[in-house]
Amino acid sequence: MLFLDIETTGLSHHYDEITVIGWSIGGRASTMIKGESHQRLRADAKDALALVTFNGIRFDQRFIRQEFPDVALPPHHIDLMYLCRRVGLTGGQKAIERELGLSLRGEIANVDGFAAVLLWHRYLRGDLAALETLVRYNRADIAAMGAIFDHVIDRLHIEPDLFLKRAAFKTWAAPSGWIEIPQFGTARTELSSAPDFDQLLGGSPAEGARIVGIDLTGSEARGSGWCLLDGKKASFKTVFTDEEILQQTLSSNPDLVSIDSPLCLPAGRTSVDDADPGRERFGIMRECERELKRRGVNVYPCLLPSMQKLTARGIRLATSFRNLGVPVIESYPGAAQDIMRIPRKGAGVEWLKMGLADFGVICDLTIASHDELDAITSALVGSFHWVGLVEAMGTSEEPPLIIPKLDGKVHPTIIGISGPIAAGKTTIARALEKLGFAYTRFSLVIDDELRVRGQPLDRSHRQALGTEINRTGKQSWLAERTLSRVGEASAVVVDGLRFPEDHAFLAERAGGSYIHVYIDADENMRRERYKERAIDGDFDAVASSDVERQVESMRSLAHQVFMNEGSMEDIDPWAVKLAAEVRDETCQSPS
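Below is a short write-up of the structure. Small disclaimer: the values here were computed from a predicted structure and weren't measured.

Some remarks on the overall build of the protein chain
Secondary structure summary: the protein chain contains 25 helices and 17 strands in total. For the C-alpha atoms alone, the extent of the protein chain along its principal axes is close to 105 × 50 × 45 Å. The buried share of the protein chain, taken over its 591 residues, is 53%. By sequence separation, contacts in the protein chain at least 24 residues apart represent 70% of the contacts at least 6 residues apart. As presented, the protein chain carries roughly 26,600 Å² of accessible surface, and 51% of it is formed by carbon and sulfur atoms.

Below is the structure:
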């Protein structure tokens, strides 16, 4: 019989890892610390006929098979959690121990699973006594399993057969000497060292990016953490009202805003409250939340009653930012904390401060509140996103939740082209196409929609539909469809940006690999070009349309402005120069 228990850095088999494995078999108690050889465990597991755990089917077994696939666990698995339920013993292992009057823990009686995580992090920072306490805690868990097993057998009234005597599993799980802890050395360098900003993001566009992170609350009466991360220099404060958040953020001129809050509804839902007619059919969870649940992350559904105000506020703020051309992502700071090797939210402010300082964040963290520390972490998610070290968890109907991921896919290089009518946008975009950029434009999707409606493909109908799409809040849908036309192309030029939301969408998609170029020319020159091209419609009428009147707002959002007032021969050399600059600036990667 192999009695086994593991300790981990958290509950998620996807993001967390094993720190300690303890087991008892054949009158011997053994412990393996992360980084040590697992061959003794492998041999003992091979010899065992049955495995005994508490909640091991859902937890321990999954972690071991993932981290040590060559360990062949015994064919029979007795999970005491389920066995206890058969005799009316419910709750966690320690609750059952109390109910049965077991007292094997002594001076570590107050240590629980959460404290075990902190003990491991203390050990990584040089506290050998913390590791000793963690191992004692692990062995006490195993010892108690045997005693619990004995009580369950009594309640099940199982009698030994004619040739066997009653087994006392307490002594099997807690053999002689089980409380004697072996000597351990300091944590190995590969365990105690954690990556920092310079290692992961140094030499990349994140070094010069200005990212605002917001740890949002559901009410303006409660303060939200706010941070501006300029490279790795952080400034932070607590903000309250939506107006204050907008003003503080816009005055900081950020490249990206990263908000720790749900920023969209589940596909099919139209409102956050339970009166929504789609409540029964479409539920209260998004696909990203379902996926996190599958990964063992305890995440709240975005439309749980207690989450509805937060979700509504997050959507409202994100819409306000995007209407002004400010890109916004929904962030998941917990995964960033995993990368920085600090305990997840809830461990306490001191651990967050220590982890952020070790990562290289520059500021006076001693005065930061918990919410402000979370805002800094949220901003760091934005930094990872800026260079593509992320996983975007979402669907075509649900904008993504951004998860830091060190082997994330590099963002495509995207050049967005905006400017007034007849400035030469398409000419320049086609010049970039000749240089290897996949070409797409917003009007292509609008034309597809006009065909579906059976309407003419002329400028007036395109502008009318473009205005309708924008006014009905479907600008991101249009941008998504426009970009989807080029598939997985690594370099893209998008022709015909008209609204600030277009700029925000492309920046959200490509991070630091996005460049917005505003093409302009003298009005008289544009009139002549328009006349020469014999385009349908009067120049003044077209230029004064609702869509065209929005174009001037794009100038302030552009990274570059090109005055296209020369000859056609001037365009190709400029396009070559732009393409070289963009590829050089956006294709940097961490060393």
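Overview of the pattern of salt bridges
If you walk through the whole model with that rule in mind, you get 39 salt bridges. Between Arg-105 and Asp-141 there is a salt bridge, and its shortest N-O distance comes to 2.4 Å. Placement of Arg-105 in the loop between α4 (93–100) and α5 (113–124) and of Asp-141 in helix α6 (residues 128–156) is noted, with a sequence separation of 36 residues between them. For the pair shown, Arg-105 and Asp-141 are each scored as buried.

Side note on the pairing of strand β13 (residues 413–418)
A large share of β13 lies buried, amounting to 6 of its 6 residues. Across the two faces of β13 the burial is the same, with Thr-413, Ile-415 and Ile-417 and Ile-414, Gly-416 and Ser-418 all buried. In the sheet, β13 pairs with strand β15 (residues 491–497) via 6 bridges, with the strands oriented parallel. Residue Ile-414 lies in a different strand from β15, and its bridge partner there is Val-492. Note that β13 and strand β16 (residues 514–520) share 5 bridges and pair parallel. Counterpart to Ile-415 in the pairing with β16 is Ile-515.

Re the sheet that holds strand β5 (residues 76–79)
Taken together, the 5 strands give an open sheet; going across it, the order is β3-β2-β1-β4-β5, and neighbouring strands pair in mixed fashion. Two strands lie at the open edges of the sheet, namely β3 (28–33) and β5, each paired on one side alone. Within the sheet, the average angular offset between the axes of one strand and its neighbour, ignoring direction, is 25 degrees.

Describing the packing of aromatic side chains
Tallying each qualifying case throughout the model produces 10 aromatic pairs. A ring pair is formed by Phe-359 and Phe-384, whose centres lie 6.2 Å apart and whose planes are at 50 degrees; its orientation type is tilted. In this pair, Phe-359 sits in helix α15 (residues 349–359) while Phe-384 sits in helix α16 (residues 370–387), placing the two residues 25 residues apart along the sequence. A relative accessible area of 1% places Phe-359 in the buried class.

What about helix α22 (residues 523–532)?
Of all the residues in α22, the buried ones are Arg-526, Arg-529 and Tyr-530. Buried residues of α22, viewed axially, fall in a sector of 100 degrees; they line one side. Those residues of α22 that are exposed and angled more than 90 degrees off the buried face are Asn-524, Lys-531 and Glu-532. One side-chain oxygen of the residue at the start of α22 lies 2.9 Å from the amide nitrogen of Asn-524, identifying that residue as Asp-522.

Re the sheet that holds strand β14 (residues 438–441)
Spatially, 5 strands are ordered β14-β15-β13-β16-β17 in an open sheet, and the strand pairing comes out parallel. Looking along the sheet, the strands with just one partner apiece sit at the ends: β14 and β17 (560–563). Each strand of the sheet is rotated relative to its neighbour by a mean of 25 degrees, with strand direction disregarded. One ladder, built from 4 bridges, connects β16 with β17; its direction is parallel. By the bridge assignment for β17, Tyr-518 is matched with Val-561.

Overview of unusual backbone geometry
Despite not being glycine, Asn-55 has its phi angle at roughly 65 degrees, a positive value. Relative to the helices and strands, Asn-55 resides in the loop between β4 (50–53) and α2 (60–67). Exposure remark for Asn-55: the relative accessible area of 18% places this residue in the buried category. Here the phi dihedral of His-157 falls at roughly 60 degrees; this positive angle occurs in a residue that is not glycine. Structurally, the position occupied by His-157 is in the loop between α6 and α7 (169–173). Here His-157 falls in the exposed class, since its relative accessible area comes to 66%.

Details of the pairing of β3
Consecutive residues of a regular strand have side chains that alternate between opposite faces of the sheet. Strand direction decides the pairing type here: strand β2 (residues 18–25) and β3, joined by 6 bridges, are antiparallel. Each bridged residue has a counterpart across the sheet, and for Gly-22 the counterpart in β3 is Thr-31.

Points about the environment of Gly-360
Residue placement: Gly-360 occurs in the loop between α15 and α16. Taking C-alpha positions, Gly-360 is 6.8 Å from Lys-232, a pair spaced 128 residues apart along the chain.

Remarks on the packing of α5 against α6
Relative orientation of the contacting elements α5 and α6 amounts to 145 degrees, with a least axis distance of 7 Å. Crossing handedness for the pair α5 and α6: left-handed. Contact residues: α5 offers Gly-113, Ala-116, Leu-119, Trp-120, Arg-122 and Tyr-123, while α6 offers Leu-128, Ala-130, Leu-131, Thr-133, Leu-134 and Tyr-137.

Observations concerning the nonpolar core
The biggest cluster of nonpolar side chains holds 34 residues, and the ones touching the most others in it are Leu-201, Cys-227, Leu-356, Ile-376, Leu-380 and Phe-384. When contributions to this core are tallied by element, the ones reaching two or more residues are α9 (197–201), β7 (224–230), β8 (233–239), α14 (333–339), α15 and α16. Core analysis: the second largest hydrophobic core is formed by 24 residues, Ile-414, Ile-446, Leu-483 and Ala-558 among them.

With respect to the side chain of Ser-261
In this structure, Ser-261 sits in the loop between β9 (256–259) and α11 (279–282). Overall, Ser-261 belongs to the buried group, its relative accessible area being 3%. At a separation of 3.4 Å, a polar atom in the side chain of Ser-261 contacts the main-chain carbonyl oxygen of Leu-310. Discounting chain neighbours no more than four positions away, the residues touching Ser-261 are Leu-216, Leu-310, Gly-314 and Glu-330.

Overview of α5
Spanning 12 residues, α5 covers 17 Å between terminal C-alpha atoms, matching the ideal 16 Å at 1.5 Å per step. Two or three places before Phe-114, at the start of α5, stands the capping residue Asp-112, its side-chain oxygen 3.2 Å from that residue's backbone nitrogen. In the stretch just after α5, Gly-126 is the one whose phi turns positive, near 105 degrees.

Here we look at the environment of Ala-234
Mapped onto the elements of the fold, Ala-234 is located in strand β8. When its relative accessible area of 13% is taken as the criterion, Ala-234 is described as buried. Sequence spacing of Ala-234 and Ser-396 is 162 residues, and the spatial spacing of their C-alpha atoms is 34 Å.

Examining the state of the cysteines
Among covalent bonds in proteins, the disulfide is the one between the sulfur atoms of two cysteines. On inspection of all chains with the given rule, the structure shows 0 disulfides. Here Cys-288 stays free of any disulfide, with the sulfur of Cys-264 as its closest cysteine sulfur at 6.3 Å. Judged by relative accessible area, Cys-288 falls into the buried class, the value being 3%.

What counts, and where the lines are drawn
Residues numbered from 1 in each chain as written. Predicted model: local features only at pLDDT ≥ 70, side-chain atom pairs only at ≥ 80, totals over all residues. Heavy atoms only, no water. Helix = DSSP H or I, 4+ residues; strand = E, 2+ residues; numbered from the N terminus. Buried < 20%, exposed > 50% of the residue type's maximum accessible area, 1.4 Å probe, protein only. Contact = heavy atoms within 4.5 Å. Areas by Shrake-Rupley, 256 points an atom, 1.4 Å probe, with all protein chains shown as cover. Salt bridge = Lys/Arg side-chain N within 4 Å of Asp/Glu carboxyl O. Pairing = 2+ DSSP bridges. Axes fitted to C-alpha atoms, helices over the stretch in contact; angles between N-to-C directions. Phe/Tyr/Trp six-rings, centres within 6.5 Å; stacked < 30°, edge-to-face > 60°. Arc of directions from axis to C-beta. Polar contact = N/O pair within 3.5 Å; in protein donor to acceptor, adjacent residues only side chain to side chain. Left-handed = near helix turned anticlockwise from the far one by under 90°. Core = buried A, V, L, I, M, F, W, Y, C linked by side-chain atoms within 4.5 Å. Expected span 1.5 Å × (residues − 1). Disulfide = S-S within 2.5 Å.

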